[in-house]
Amino acid sequence: MKLVVVSAGLSVPSSTRLLADRLAAAVGRHTPVDIEVVELRDLAVEIAHNFTNGFAGKGLAAAQDAVAGADGLIVVTPVFSASYSGLFKSFFDVLDKDALAGKPVLIGATGGTGRHSLVLEHALRPLFAYLRAVVVPTAVYAASEDWGAEGLAERIERAAGELAALMPLAPRGAEETVVPFAEQLARLGGRAR
C-alpha cells in the first residue's frame, strides 16, 4: 500500500517533519507501506505559480499525483496564527476537487505551546471533511514540551493504527464501490448504531 506524507514544515530541521516521520514509521509498524514524503517547502513557488497561471509545474504535478494515488495520507502543518499555514492550505487548494474523496487521512500539527492544539479540531478536521476525506478519530498535536514527554508516543501509535485499519478500504478508482460506513467503523473497532 502507498502512504503519502505531506509536511508543511518550513525550517530545517523541522519539528513538523519530525512528527510526520514518526507518524509514518508508526503506520509502517501496523501494516506494510511504501512511504512517499511531499515537502511543501520545496513546492512553494510552483504552488504560487499554479494559482496565477493555472498550470502545475513538474514537482507540483508529481505531488498531486502522489496524493491522488495514495491509499492513505498523513498531513502535518505548523500552527500559524491559530490555524494551518498558508502554504499547507494552498497545496490542498490546488488539488483536484475529488482527489481526497473517501481517502483515509491522519491529521497532525506542531506548535510552540499546547494552547494551539484545538487547531486540529477547528481548522484541519473541517478542511478535510470538506474535501470528503475520511479523517481518523485520533489527531496528533505536538507542542515543544511534548517531545520526549509522556503521552506523545501513545497518541502517535493510536492514530497510526487507526489509519492502517482504514487504508485497505481506500477507493482505488471509479470502478470500485464505496465501502459502507459500518464496515469502516468495524475496522476501527467500533460498530454502527
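Worth saying up front: this structure is predicted, and the values here are computed from it rather than measured.

Chemist: Looking at this structure, how should I read the overall build of the protein?
Modeler: When its secondary structure is counted, the protein shows 7 helices and 7 strands. Moving toward the C terminus, one meets the helices and strands of the protein in the order β-α-β-α-α-β-β-α-β-α-β-β-α-α. For the protein, long-range pairs separated by at least 24 residues make up 76% of all intrachain contacts whose partners lie at least 6 apart in sequence.

Chemist: Can you help me understand the pairing of strand β1 (residues 2-7) in this one?
Modeler: Along a regular strand, successive side chains alternate from one face of the sheet to the other. In terms of burial, β1 is a largely internal element, 5 of the 6 residues being buried. Relative to strand β2 (residues 34-39), β1 runs parallel, the two being bridged by 6 bridges. Across the sheet, residue V6 finds its bridge partner in β2, namely V38. Taken together, β1, helix α1 (residues 15-30) and β2 form a β-α-β motif whose crossover is right-handed. Pairing of β1 with strand β3 (residues 72-80), which is carried by 5 bridges, proceeds in the parallel orientation. Note on β3: the bridge partner recorded for V4 is L73.

Chemist: What should I look at first to understand the pattern of salt bridges in this one?
Modeler: Opposite charge on two side chains permits pairing when their charged atoms draw close. Per the stated rule, a full pass over the model turns up 11 salt bridges. Note that D21 and R17 form a salt bridge whose closest N and O atoms lie 2.8 Å from each other. A residue pair is termed a helical-turn pair when its members lie 3 or 4 positions apart in one helix, as D21 and R17 do in helix α1 at 4 residues. Among the salt bridges present, the one from D146 reaches R155, with a minimum N-O distance of 3.9 Å. Connected through salt bridges with shared partners, the residues R17, D21, E39, R41 and D42 form a single ionic network.

Chemist: In this structure, what is going on with the packing of aromatic side chains? I would like to understand it.
Modeler: In total, this model carries 5 aromatic pairs according to the counting rule given. A centroid spacing of 6.0 Å and a plane angle of 35° characterise the contact between Y84 and F88, whose relative ring orientation is tilted. For the pair Y84 and F88, a shared accessibility class is recorded, and that class is buried.

Chemist: It is not clear to me how the packing of helix α2 (residues 44-53) against helix α3 (residues 58-69) should be interpreted in this structure. Could you clarify?
Modeler: Direction vectors running N to C along α2 and α3 enclose 90°, while the axes themselves pass 8 Å from each other. Between α2 and α3, the angle is such that the two are roughly perpendicular. Contacts between α2 and α3 involve E46, I47 and N50 on the former and, on the latter, K58, G59 and L60. The class makeup of the residues in the contact of α2 with α3 is 2 nonpolar, 2 polar and 2 charged.

Procedures and definitions
- Residues numbered from 1 in each chain as written.
- Predicted model: local features only at pLDDT ≥ 70, side-chain atom pairs only at ≥ 80, totals over all residues.
- Heavy atoms only, no water.
- Helix = DSSP H or I, 4+ residues; strand = E, 2+ residues; numbered from the N terminus.
- Contact = heavy atoms within 4.5 Å.
- Buried < 20%, exposed > 50% of the residue type's maximum accessible area, 1.4 Å probe, protein only.
- Pairing = 2+ DSSP bridges.
- Right-handed = clockwise from strand over helix to strand, strands pointing away.
- Salt bridge = Lys/Arg side-chain N within 4 Å of Asp/Glu carboxyl O.
- Phe/Tyr/Trp six-rings, centres within 6.5 Å; stacked < 30°, edge-to-face > 60°.
- Axes fitted to C-alpha atoms, helices over the stretch in contact; angles between N-to-C directions.
- Parallel < 35°, antiparallel > 145°, perpendicular 65-115°, else oblique.
- Nonpolar A, V, L, I, M, F, W, Y, C, P; charged D, E, K, R; others polar.

In short, the description is geometric, and any link to function would need to be established separately.
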